[in-house]
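Spelled out from the first residue to the last, the chains are:
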Amino acid sequence: KGDGRMLAEGTPFTCDWVVDNNGQPVARVEWDAQRERFSVLYRRGTSWTRIFELATARPPVMAGLSADGSALLMFGALDRTHQALWRLPIDGGAPQVLIEDDAYDLSAPIVDPYTREILGAWKGGLAPEIQWLDATAEKKSAALRKTFGGSHAHVIGRSADNSRVLVDVSTS
């Protein structure tokens, strides 16, 4: 049994939250399914400012906060055929594509377990692969693949100082 306290309050349409590295809510997502209306609100002090709104039957999915805190990251098709990873500036600017593929959806972010930074995303298809945002993470992944004879090697955990790594290795 613990003591809890409310950090923020949503509306009946609130369906997701984005928190910063301190666990504080910085954004909330609202989805009105009946009106097919998707909205993102960013917290400024004690008030919420709508920074994005979209009429769609396929609402985007929030992935988190950018490493520098200047944008929210989300997966969605928006004006594309396939789902991409988008950067949504907190100042209310237009969404910008970070990673996309012409043939397959992107989904399932690759997240650093300690910094919570989004390093890349999985691309769908018959042979799913990672599309990297972070060049260092991509180099480490390539080195692991080489270490394991070209097999697919995915880091599923690591020590905070990177001295130990838990790797899932598969031949497909």
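Before reading further, recall that the structure is shown in the block above.
Since the structure is predicted, the reported quantities are computational estimates derived from the model, not experimental observations.

(A) Focus on the overall build of the protein chain. If you tally the helices and strands in the protein chain, you get 1 helix and 13 strands. Its helices and strands in sequence order give the protein chain the pattern β-β-β-β-β-β-β-β-β-β-β-α-β-β, from N to C terminus. Each principal axis of the C-alpha distribution contributes one length, and for the protein chain these read about 50 × 45 × 30 Å. Relative to its 172 residues, the protein chain shows a buried fraction of 34%. Nonlocal contacts in the protein chain, meaning residues at least 24 apart in sequence, comprise 21% of its contacts between residues at least 6 apart. On the protein chain, roughly 10400 Å² of surface is accessible, and the fraction owed to carbon and sulfur atoms is 49%. Charged side chains in the protein chain number 19 positive and 22 negative. The centres of these two groups are separated by 4 Å.

(B) Expanded view of the sheet that holds strand β5 (residues 61-65). The strand order across the open sheet formed by 4 strands is β5-β6-β7-β8, and the pairing between neighbours is antiparallel. Two strands bound the open sheet, and with one partner strand each, they are β5 and β8 (96-99). Pairs of neighbouring strands in the sheet enclose a mean axial angle of 35 degrees, with direction left out of account. Pairing of β5 with strand β6 (residues 71-76), which is carried by 4 bridges, proceeds in the antiparallel orientation. Paired with Gly 64 across the strands is Leu 73, a residue of β6.

(C) Spotlight on the sheet that holds strand β9 (residues 106-111). The 3 strands lie next to each other as β9-β10-β11, forming an open sheet whose pairing is antiparallel. Edge strands, defined here as strands with exactly one partner in the open sheet, are β9 and β11 (129-132). Strand after strand, the sheet turns through a mean of 35 degrees between neighbouring axes, direction not considered. Taken together, the 4 bridges between strand β10 (residues 118-123) and β11 define a ladder with antiparallel strand orientation. Paired with Ala 121 across the bridge in β11 is Gln 131.

(D) Expanded view of the pairing of strand β13 (residues 165-170). Pairing of strand β12 (residues 152-158) with β13 involves 6 bridges; the strand directions are antiparallel. Note that in β13 the partner of Ala 153 across the bridge is Val 169. As consecutive antiparallel partners, β12 and β13 are separated by 6 residues, and within that stretch Asn 162 has a phi angle of approximately 65 degrees, a positive value.

(E) Representation of the nonpolar core within the structure. Counting 17 residues, the largest nonpolar core has Val 40 and Leu 72 as its most contacted members. Within the residue set of this core, elements represented by two or more residues are β2 (25-32), β3 (37-44), β4 (47-55), β5, β6 and β7 (84-89). Leu 73, Leu 85, Leu 106 and Ala 121 belong to the second-largest nonpolar core, a separate cluster that totals 7 residues.

(F) Quick peek at unusual backbone geometry. Phi is positive for Leu 78, close to 45 degrees, though the residue is something other than glycine. Note on placement: Leu 78 falls in the loop between β6 and β7. Unusually for a residue other than glycine, Ala 108 sits at a positive phi of about 50 degrees. Mapping Ala 108 onto the fold places it in strand β9.

Each value, and the rule that gives it
- Residues numbered from 1 in each chain as written.
- Predicted model: local features only at pLDDT ≥ 70, side-chain atom pairs only at ≥ 80, totals over all residues.
- Heavy atoms only, no water.
- Helix = DSSP H or I, 4+ residues; strand = E, 2+ residues; numbered from the N terminus.
- Buried < 20%, exposed > 50% of the residue type's maximum accessible area, 1.4 Å probe, protein only.
- Contact = heavy atoms within 4.5 Å.
- Areas by Shrake-Rupley, 256 points an atom, 1.4 Å probe, with all protein chains shown as cover.
- Lys, Arg positive; Asp, Glu negative; His and termini not counted.
- Charge placed at Lys NZ, Arg CZ, Asp CG, Glu CD.
- Pairing = 2+ DSSP bridges.
- Axes fitted to C-alpha atoms, helices over the stretch in contact; angles between N-to-C directions.
- Core = buried A, V, L, I, M, F, W, Y, C linked by side-chain atoms within 4.5 Å.

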